[in-house]
Structures are given as structure tokens and as C-alpha cells.
Amino acid sequence: MIKYIIRRIIWMPILLLMVSLIVFGLGTYGPGDPVEVQLGNNYDEKTAQRIRDKMGLNDPFVFQWIRYVKNAVKGDFGESYVFKNRPVTSLLLPKLLVSAQLNLIAFLIAISIGTPLGFYAAVHYGTSKDPGVVISTLFFYAMPVFFTAPLMILIFALKLDLVPTSGWGGLFDKRIILPAITVGIPGSAVFVRLVRASMLEVLDSDYVKLARAKGVSEIMVLWKHAFRNAMLPVITIIGFTLAGLFGGSLIVEIIFGIPGVGRISLESVYSRDYPIIMAVVLIGSTALVIANLIIDFIYTLVDPRIEMQ
Amino acid sequence: MKSNIIKITKYLLFSIFIFGIFSCGSSESSVEEQSIERNSKVAPNLQSSTNNSSGKLDNIFRMNYSDPPTFDPHLVTDTTSAGIIVELFSGLVTLDENLDIVPDLAESWVVSDDKSEYTFTLRKGLKFSNGDDLKASDFKWSIERAAHPDTGSYNAEVYLGDIVGITKIIESDGDVKDAEGIVVIDDHTLKLIIDKPKTYFLAKLTYPTAFVLNKKYVENTGENWIDKPVGTGPFVLIDYQIGQVLKIGRNDNYWGDPAKIEGVIFNLAGGTSMAMYENDEIDITGVGLADLERVKDPNDSLNKDLVDVPPQFTLSYIGFNVKEPPFDDINFRKALSHSVDKALIAEKIYSGLTKPAYGILPPGFPGYSENIKGLEYDLDLAKKYLARSKYADPTTRPRIIVTIPGTGGSPGLDTEVISDMWKTELGVEVEIQQVEWATYLQDMNRKRLQVWAGSGWQADYPDPQDFIDILFETESDINHGNYSNPEVDELILKAEIELDNNIRYALYNEAEQIIINEAPIFPLWFDTDGYALIKPWVKGYNFAPITVPKYKNISIE
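These numbers were taken from a predicted model, which means no experiment stands behind them. (Residues numbered from 1 in each chain as written. Chains lettered and ligands numbered in written order. Predicted model: local features only at pLDDT ≥ 70, side-chain atom pairs only at ≥ 80, totals over all residues.)

Across its full length, chain A holds 13 helices and zero strands. Starting at the N terminus and walking to the C terminus, you meet the elements of chain A as α-α-α-α-α-α-α-α-α-α-α-α-α. Summarising its shape, the C-alpha atoms of chain A cover approximately 85 × 60 × 30 Å along the three principal directions. Residues classed as buried in chain A amount to 39% of the 309 residues present. Within chain A, residue pairs in contact and separated by at least 24 positions form 72% of the contacts whose partners lie at least 6 positions apart. (Helix = DSSP H or I, 4+ residues; strand = E, 2+ residues; numbered from the N terminus. Buried ≥ 20, exposed ≤ 12 C-beta atoms within 10 Å, placed from the backbone. Contact = placed C-beta atoms within 7 Å.)

Within chain B, the secondary structure is distributed over 19 helices and 21 strands. Looking at chain B as a whole, 44% of its 557 residues are labelled buried. In chain B, of all internal contacts separated by at least 6 residues, the share reaching a separation of at least 24 is 70%.

This part covers the interface of chain B and chain A. Taken together, the contacts link 50 residues of chain B with 56 residues of chain A. Only helix 1 (2-25), helix 2 (30-34), helix 6 (156-160), helix 10 (273-278) and helix 16 (437-445) of chain B provide two or more residues apiece to the side of chain B that touches chain A. Sort the elements by how many residues they give to the side of chain B that touches chain A and helix 1 of chain B lands first, with ten residues. Residues belonging to the side of chain B that touches chain A are distributed by class as follows: 22 nonpolar, 21 polar and seven charged. (Nonpolar A, V, L, I, M, F, W, Y, C, P; charged D, E, K, R; others polar.)

Here we come to unusual backbone geometry. Glycine aside, negative phi is the norm for most residues, and most peptide bonds take the trans geometry. All names here are of chain B. Residues proline 325 and proline 326 are joined by a peptide bond in cis, for which omega reads 5°. Tracing the backbone shows proline 326 in the loop between strand 13 (314-320) and helix 12 (330-338). We note that lysine 115 has phi near 60°; this positive angle belongs to a residue other than glycine. With respect to the secondary-structure elements, lysine 115 resides in the loop between strand 4 (106-111) and strand 5 (117-122). Its 16 C-beta neighbours within 10 Å are what place lysine 115 among the partly exposed residues.

Bringing the pairing of strand 5 of chain B into the picture now. Residues and elements named next belong to chain B. Burial along strand 5 is one-sided: Tyr118, Phe120 and Leu122 are buried, and none of Glu117, Thr119 and Thr121, which face the opposite way, are. Where strand 4 lies against strand 5, five bridges are found, and the strand directions are antiparallel. Looking across to strand 5, one finds that valine 110 is bridged to threonine 119. The antiparallel hairpin formed by strand 4 and strand 5 contains five residues in its connecting segment, where lysine 115 sits at a positive phi of about 60°. One ladder, built from five bridges, connects strand 5 with strand 7 (residues 189-193); its direction is antiparallel. (Pairing = 2+ DSSP bridges.)

Attention now moves to helix 18 (residues 486-497) of chain B. With twelve residues, helix 18 of chain B should cover 16 Å at 1.5 Å per step; its first-to-last C-alpha distance of 17 Å lies within 8% of that length. Looking at the buried side of helix 18 of chain B, the elements it contacts are helix 17 (465-472) and helix 19 (501-518) of chain B. (Expected span 1.5 Å × (residues − 1).)

This part is about the sheet that holds strand 4 of chain B. Residues and elements named next belong to chain B. Strand order in the open sheet made by the four strands is 4-5-7-6, with antiparallel pairing throughout. Looking along the sheet, the strands with just one partner apiece sit at the ends: strand 4 and strand 6 (182-186). Strand-to-strand twist across the sheet, computed as the mean angle between neighbouring axes with direction ignored, equals 20°. (Axes fitted to C-alpha atoms, helices over the stretch in contact; angles between N-to-C directions.)

The next subject is the nonpolar core. Among the nonpolar cores identified, the biggest contains 125 residues, and Ile85(B), Leu88(B), Ile143(B), Ala147(B), Leu160(B), Ile468(B) and Ala511(B) are the most heavily contacted of them. Core analysis: the next-biggest nonpolar cluster, separate from the first, contains 53 residues, Ile113(A), Ile176(A), Ile177(A) and Val252(A) among them. (Core = buried A, V, L, I, M, F, W, Y, C linked by C-beta atoms within 7 Å.)

As a further point, take the packing of helix 5 (residues 88-123) of chain A against helix 8 (residues 177-203) of chain A. Residue and element names in this part refer to chain A. For the pair helix 5 and helix 8, interaxial distance at closest approach is 6 Å and the crossing angle is 35°. The two elements helix 5 and helix 8 cross, and the hand of that crossing is right-handed. Partitioning the contact of helix 5 with helix 8 into residue classes produces 25 nonpolar, six polar and two charged. (Left-handed = near helix turned anticlockwise from the far one by under 90°.)

Two pairing modes exist for strands in a sheet, parallel and antiparallel, and in both the strands are linked by backbone hydrogen bonds. Residues and elements named next belong to chain B. Pairing is mixed across the open sheet formed by six strands, whose spatial order is 14-18-13-17-15-16. Each edge of the open sheet is held by one strand with a lone partner, namely strand 14 (355-356) and strand 16 (431-435). In this structure, strand 14 lies alongside strand 18 (residues 521-526), joined through two bridges in antiparallel fashion. Looking at the pairing, proline 356 lines up with tryptophan 525 of strand 18.

Turning next to the packing of helix 10 (residues 218-243) of chain A against helix 13 (residues 274-302) of chain A. Residue and element names in this part refer to chain A. Interhelical geometry of helix 10 versus helix 13 gives an angle of 160° and a closest axis separation of 8 Å. Looking at the two axes, helix 10 sits roughly antiparallel to helix 13. Along this stretch, helix 10 crosses helix 13, giving a crossing that reads as right-handed. Packed against helix 10, whose contacting residues are Leu232, Ile235, Thr236, Gly239, Phe240, Leu242 and Ala243, the element helix 13 presents Ala287, Leu288, Ala291, Ile294, Ile295, Ile298 and Val302 at the interface. (Parallel < 35°, antiparallel > 145°, perpendicular 65-115°, else oblique.)

When you line up the elements, Asp308(B) lands in strand 12 (residues 306-308). On a C-alpha basis, the gap between Asp308(B) and Leu533(B) in space is 8.8 Å, while along the polypeptide they are 225 residues apart.

Let's shift gears to the pairing of strand 6 of chain B. Residues and elements named next belong to chain B. Pairing analysis gives four bridges linking strand 6 to strand 7, with the strands arranged antiparallel. Looking at strand 7, one finds that valine 184 is bridged to leucine 190. Between strand 6 and strand 7, which pair antiparallel one after the other, the connecting turn spans two residues.

In this section: helix 10 of chain A. All names here are of chain A. For helix 10, built from 26 residues, the straight-helix expectation of 38 Å at 1.5 Å per residue is met to within 8% by its first-to-last C-alpha distance of 36 Å. By the largest-angle criterion, phenylalanine 227 marks the main kink of helix 10, which is about 40°. Within the sequence span of helix 10, burial applies to Val221, Leu222, Ala226, Ala230, Gly239, Thr241 and Ala243. Buried residues belonging to helix 10 abut helix 5, helix 8, helix 9 (206-214) and helix 13. (Bend = angle between axes of the 7 residues up to and from the residue.)

On to the confidence of the model for chain B, then. Residues and elements named next belong to chain B. Per-residue confidence for chain B averages 84 on the pLDDT scale, and 89% of its residues sit at or above 70. Under a pLDDT of 50 for its full length, residues 1-42 has, in the predicted model, 49 contacts with residues more than four places off or in other chains. The ipTM for the predicted assembly is 0.70, set against a pTM of 0.77. (pLDDT = per-residue confidence, 0-100.)

Residues and elements named next belong to chain A. Residue position: glycine 118 is located in helix 5. Sequence separation between glycine 118 and arginine 193 is 75 residues, and the spatial gap between their C-alpha atoms is 6.2 Å. In this structure glycine 118 touches Phe191, Val192, Arg193, Leu194, Val195, Arg196 and Met199, once residues within four positions along its chain are discounted.

Shown next, in the form of C-alpha cells:
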């Protein structure tokens with residue numbers, strides 16, 4: 001098992017190198033150019049070339065990429081092209097933290113609503129309560145945030161005047177409530193479906209039938225035998241959700257005025273701000289790779305049948 | 001199974017309860033906690049963002065804004081940055097509300113008889129915001145810095161290139177540092193020599209690229225000086241947190257009347273502007289078409305806050321590449337131009353918020369003439385021109401692709417309606433192709449687009465040269481449609497060295513009329529922005545059609 005983990009860890013930088021190469025290549029060979037976006041209407045070729053030279057954009061692709069990787073290894077992700085003279089890390093870190101906090105709360109809301117509801121639906125399989133729960137959560141899941149978010153503002157900020165319409169003050173500020181609910185409640189539908197499906201499968205398994213046949217009390221069957229086993233696929237989703245903590249959600253950020261990572265990611269694509277794009281992608285892929293590793297590890301702890309090879 | 005429901009409810013209640021505790025316990029937001037104190041004399045109201053009972057913040061003006069990419073006047077290319085920079089920095093001259101060039105740091109200036117030497121006398125006792133004295137040598141150093149390749153300015157050539165020696169610095173490898181056209185006569189006198197007489201030269205000096213920096217401060221602080229900019233504008237930067245908030249406060253060392261308000265808080269995090277305004281979180285907001293009907297109703301509570309916003313100096317147009325068939329045929333271009341009823345579109349689609357454009361210079365802009373005759377809507381004439389054109393036969397007519405920027409998937413309503421009018425009225429079919437902004441720019445700058453819509457031209461400085469010369473002179477980089485007319489070029493050249501503004505404007509108007517007659521572009525609209533809401537306690541807010549300092553005259557009452 002240790003061997004397996006070591007192998008995975010060795011693969012990690014190689015994977016990230018490949019990711020960086022692909023993104024870097026797409027940026028360089030794709031259409032559009034950061035200097036040109038900056039110059040906008042005032043483009044002239046001479047000035048553009050001079051600035052490209054200064055930024056090193058005229059160097060051969062491989063040189064540029066190697067230089068980037070070298071610096072990145074040292075923790076230097078370069079300076080933004082758009083936000084002049086600002087290191088990418090100082091631009092992105094605060095935003096990543098904001099997104100992570102919001103996503104964490106939203107995730108807690110999603111899981112704390114979704115898991116019990118999914119459990120409840122599965123237990124009531126065959127009655128009208130099951131589709132009732134599923135449909136109502138799917139209803140919220142299907143509502144687009146550009147509809148629910150302004151609705152929340154209208155009700156809770158403007159009519160009831162409970163919270164400001166927008167802004168950010170960190171985990172312990174009331175301005176996090178509306179966006180977290182807006183993201184979290186639709187997210188709960190994922191857990192409802194997952195827990196429900198997984199529970200139903202487990203409830204139909206031989207060992208649950210055996211437990212029931214033995215005369216184990218229903219509560220014991222549900223909690224001890226069924227629920228714990230049913231949580232296995234949920235762990236996978238939790239892992240991936242946690243990997244996505246550092247991702248932004250553009251629409252929610254814009255409507256609620258949250259300085260998260262979503263908006264800057266999108267804008268950096270439009271403006272061809274390669275250093276930002278690279279950093280966002282690399283941080284995202286690193287988080288995913290690590291989360292994957294942790295999930296695998298937890299699997300073996302939860303389910304002894306799974307071995308790492 | 002009832003117990004489950006109860007548990008779920010408990011769960012929910014618990015999480016809501018937790019939020020309740022958190023939100024009650026923290027009256028101070030972490031935004032303020034993180035903020036770095038940058039100025040010891042910060043007004044107390046800039047420190048908090050809590051409203052008093054009346055909804056306003058005493059002596060503080062609040063509005064939504066976007067992250068300015070830079071505070072460095074020499075690097076600015078965008079209006080977002082420029083809007084802040086003109087509050088923090090200043091130059092020799094500036095523009096007043098009527099867009100006349102007025103003294104700023106220079107008290108007066110004398111122009112030599114051959115009109116190529118400008119001698120500026122600086123005001124006495126000028127100080128930078130950190131208390132340092134400002135000398136003429138700071139100007140020389142600043143302009144040379146703006147041009148130096150290490151600075152990486154995008155537009156030094158456009159705004160400063162007329163000064164003798166600047167182009168040499170720009171094109172050097174960094175070894176040339178001195179421009180002989182900038183002469184420091186004494187601490188209060190500065191002479192600028194330009195390569196040939198150009199009346200619009202002074203107008204260019206109003207742009208931030210020509211602003212003055214504190215040489216001593218920049219050199220001593222190094223590259224990070226811009227984190228704590230020191231300038232000569234009416235305000236100083238108090239705090240900036242990317243994506244969150246930007247605060248500027250009164251500059252006590254400003255040469256003129258100090259700002260009436262203590263400062264301005266710009267919210268950078270976005271949010272729903274109308275809702276924030278209604279909730280007293282900001283003091284001003286634009287009104288979009290969606291809300292306009294509501295606030296225009298006299299019974300609406302917001303109606304009394306509604307104000308007119310004078311148009312910006314912007315021209316949006318559809319550009320034709322006159323080297324690409326079928327647009328190489330003037331008759332074809334004129335047919336298209338005459339076949340669109342712009343007045344109808346303005347009324348039906350834009351609720352009359354938009355003014356149809358028939359000329360090039362926007363109304364109110366220096367050199368604007370009412371006598372310019374545009375290609376008006378005239379279907380018979382359009383059909384006549386089409387019949388006369390060599391592309392009259394649709395079967396042999398080259399394919400027409402209108403390129404528009406954006407990612408929304410839908411072109412602007414106007415583009416859609418116009419292409420429809422071309423089709424129904426003339427039988428000219430066009431395809432609309434949307435490309436993402438960076439790609440659009442790339443193709444436009446290479447002059448590769450056949451027809452393009454969805455962008456326009458906004459004046460950088462108030463002189464007709466900024467439209468006529470830059471967009472239509474044969475050699476201009478921004479002449480994206482390859483338009484070329486020796487007669488126009490000659491008029492532009494004459495206007496460039498003409499010193500009498502009336503004659504000069506007449507020359508530009510003559511060129512404008514020729515251009516309009518040849519239809520290398522199809523002018524659509526002058527600016528569309530029309531309404532804003534301003535809180536009743538805000539006095540003295542001035543909408544300027546161009547980027548000029550505007551917060552120092554505001555007061556909160």
C-alpha cells in the first residue's frame with residue numbers, strides 16, 4: 001500500500017507538468033494575444049512587438065514553458081499581464097480563500113440537508129414520500145442561480161432587510177448566508193440522489209436481508225448495516241467536492257458581489273492573462289489529484305475489501 | 001419514522017442557528033480587519049462601511065466600480081484605470097466641464113511663434129501627496145520614464161510621440177534616456193518642443209500618460225511604489241483590496257480647493273447594483289433598460305433620484321473592409337447604408353435612448369458640425385445604388401460575413417435587425433459570426449475582417465483628430481477597413497498643422513463629409529447610456545463625457 005501511495009505521489013508532478021504543457025500550448029497557439037487585448041482599439045504592430053519582447057512572449061514556446069515551470073517550482077507564478085506588476089499569487093490567494101470558504105459552507109449545507117433527506121427517501125421507498133423528497137430537491141436543483149439569487153436578494157435583503165444585498169466579510173459575516181444557501185440547497189439534490197440510490201442498493205443486499213431475518217431491530221439495520229455501507233459512494237463525491245473548493249462560481253460571485261476566484265478566472269481567459277489561467281488550472285488540478293489520492297486512501301479504511309495495488 | 005424528520009429539522013435549525021450566532025457576533029467585517037493602514041490621517045468614515053440611520057455615509061461617496069488594472073498613469077490603457085488615476089495624479093493641463101483645456105499644475109503657458117515650442121510655468125509651491133516639492137525636473141523625468149522601454153507603456157507613442165526625442169527613447173533598447181525636446185529651464189519652468197506644429201498636442205497632455213510622478217519617491221521605493229502611489233491629484237489612495245474595495249481620501253497637499261468629501265469608497269466586488277442602491281449601500285447607479293420603465297413612473301419611490309446622463313463621446317458603427325469584395329464597390333456600400341431605418345431602430349429597440357448617427361463626430365464634441373449630411377434612410381436610392389453596383393446579382397455576389405465580438409451567442413439586437421433589413425429590403429444576405437473578444441481584436445487589427453459590428457470608437461481626447469485622422473487616415477493602424485482617399489489624407493495633414501481652430505475644424509468637417517459620402521463605415525449610434533439614479537444627499541456630481549476628475553466637487557449633505 002505504501003508502494004502504491006509512493007507511486008501515485010511520483011506521478012503527481014508528471015501529471016501536473018503535462019497539464020501545464022497543454023494549457024500553455026493552448027494559450028500560445030490558440031487565437032488571441034494578451035498584448036493585443038491590452039492595446040484594444042489602439043493597436044499598432046510596432047508597440048505590440050516591443051511589449052511582447054519585453055514580456056518574453058516572442059521567445060520560442062519551449063523556452064517560455066521551461067521558464068514558467070522553473071519559476072513555478074520555486075513558487076513564483078509570474079505577474080499578471082492585465083493587473084500590471086502584480087504577482088499572480090498575491091492576486092489569486094485571497095480570492096481562492098474566499099471561494100474556499102463560501103464553497104465549504106455551501107458544501108456543509110448541501111450535505112447536511114442532502115444526506116438525511118436521501119436516507120429518508122430510501123427508507124420510504126415505495127411510498128409517496130420518496131418521490132416527494134426527490135422531486136422537491138430536484139426542483140431546487142433545476143432552478144438556475146441567476147433566478148434564485150436575485151430572488152433571495154429581493155426577499156431577504158430588500159423586503160425583510162435581514163442582510164445586505166451583497167458583499168463579503170468572511171466566514172463569520174452574515175453576508176455569506178444568502179450565497180451559501182443559493183449554492184448549497186441545489187447541491188443537496190446531488191446527495192439526496194446519491195444517498196438514496198446507494199441506500200436502496202444496500203437495503204436490497206443479502207446481508208441486510210440476513211440481518212432482518214435474524215430479527216435485528218429496524219433502527220440497527222438501517223444505521224449499522226445499511227447506512228454505513230451506503231456512505232461509500234458519498235465519500236467519493238465528498239472528495240471531489242472538496243477538490244472543487246478552490247473553484248469559483250461565476251454567477252453567484254457576480255450577483256452577490258463576492259471577490260472569489262470565478263470571475264477572475266473567466267476574465268483572465270478573455271484577456272489572455274496566461275499567468276492567471278495557468279495558476280488557476282494548476283491549482284485546480286493539484287487539488288483534484290490530491291483529493292483523488294485521499295479518497296482512495298479513505299476507501300481502504302472504510303471498506304476493507306478494497307486494496308490498493 | 002417520525003424521528004427522522006425531527007432530526008432533519010434539528011439539523012436545519014442547527015445550521016441556521018450557527019449562522020445566526022456568527023452573524024450577530026461580528027459587526028466588524030474581515031474586509032476591514034485585513035485592510036492595511038496606508039495613511040495616518042484617514043477619515044474615520046472611510047474605515048467603516050456602516051450606514052447611519054438616514055442611509056448615507058457622512059462625507060463619503062460610495063459607488064460600484066471594477067478593479068483598475070493599474071494605478072500607474074504611464075501604463076494605463078483603459079477607462080477603468082484612468083477614472084481612478086485622474087483622481088490620484090495630474091498633469092500640466094486638464095479639461096474642464098466644457099472640455100476646454102485649462103491649467104492644472106501649469107499655471108500658464110506660452111506657445112512660440114512657430115507653434116512648436118510650449119513653455120509652461122508651474123504653479124508656486126506645488127507638492128506631491130507625500131509632502132515632497134514638485135519641480136519641473138519631475139516632469140522631464142516622468143515623460144522620459146513613460147517612454148522608456150522598461151516602463152512598458154502601451155501608448156507613450158500616441159500621446160507623447162510628438163515631443164522631440166521621445167520616439168528615440170521608445171525605440172531604443174533602453175540606453176537612450178534623454179529627450180532633447182523636454183527642457184527644464186528652472187524649477188518652475190518647463191519647455192516642450194514638438195516635431196511640427198500640432199494644435200491637438202495640448203489635448204494629448206490631458207491624458208494620464210503625460211502625468212507627473214514623484215521622481216525621488218519612485219526611484220527610492222522601487223517597483224512597488226505603485227502599491228502606495230504618490231501623486232498630485234485631489235485624492236490619495238487609502239486602501240485597495242483586489243476584487244473587494246478601493247478607497248480614496250482627500251489629498252491635503254492638493255494645489256487647488258481641497259475635495260469637499262473625505263473620500264470615495266468604490267465597491268469592486270460586484271453585486272446587484274439596483275438592489276444595492278435601493279438598500280442604501282451605494283449612492284449612484286446606472287439604470288438599465290429593464291428597470292427604466294419602473295423608475296420613470298412618477299409614483300415610484302426612486303423616480304425623484306432619476307437623472308439624465310449626457311452621452312459619452314462614442315460612435316458605434318459597422319465597418320466595411322473596402323479592399324474586400326463586395327465592399328470594394330462604393331455603390332454597394334451606399335446601398336447598404338441607405339437601406340436601414342436607424343431612426344426606427346432607435347425608437348423601437350432602444351426606447352429612444354439612442355441617437356442615430358449620420359456623421360462621425362458626436363454632438364457636443366469639438367469640431368462637431370450640424371451641416372454634415374449623412375446617408376439617410378431612402379429605400380429607392382438604396383435600390384438604385386444596388387442596381388448600379390457590380391454586385392447587384394445575388395448569385396455571383398461574394399459571401400458576406402459580419403463578425404461581432406462576444407460569447408453570448410446572440411448578436412446585438414441592432415445587428416440582427418440591420419441584417420434583417422438588408423435582407424428584406426435589398427435581398428442582401430449576410431451571415432453573422434460571433435468570435436470571442438481577443439480573437440476579434442486580432443483579426444480586426446490585422447485588417448482581416450470583411451464586415452465588423454459590435455464595437456466602436458470612444459474619444460480619448462477632445463479633438464476631431466481623434467476620430468477623423470485615427471480612423472480614416474490611410475496609414476493609421478486603427479483604420480481597420482483599409483479606407484484610403486488621398487484627398488482626405490491631404491485635408492488631415494493640413495488640419496494637423498493648421499493653428500486656427502475654426503479653419504482646422506472646417507478642414508476636418510470637409511474630410512468627414514467626404515468619408516461619409518464614400519461610406520467606408522456605416523455609422524450607427526452615438527452613445528446609448530441615458531439614465532442614472534443619484535441619492536438626494538449627493539450634490540455636485542458631474543457626468544463628464546470623457547475621463548476627468550469628478551469627485552472633488554461632490555458634497556454629501
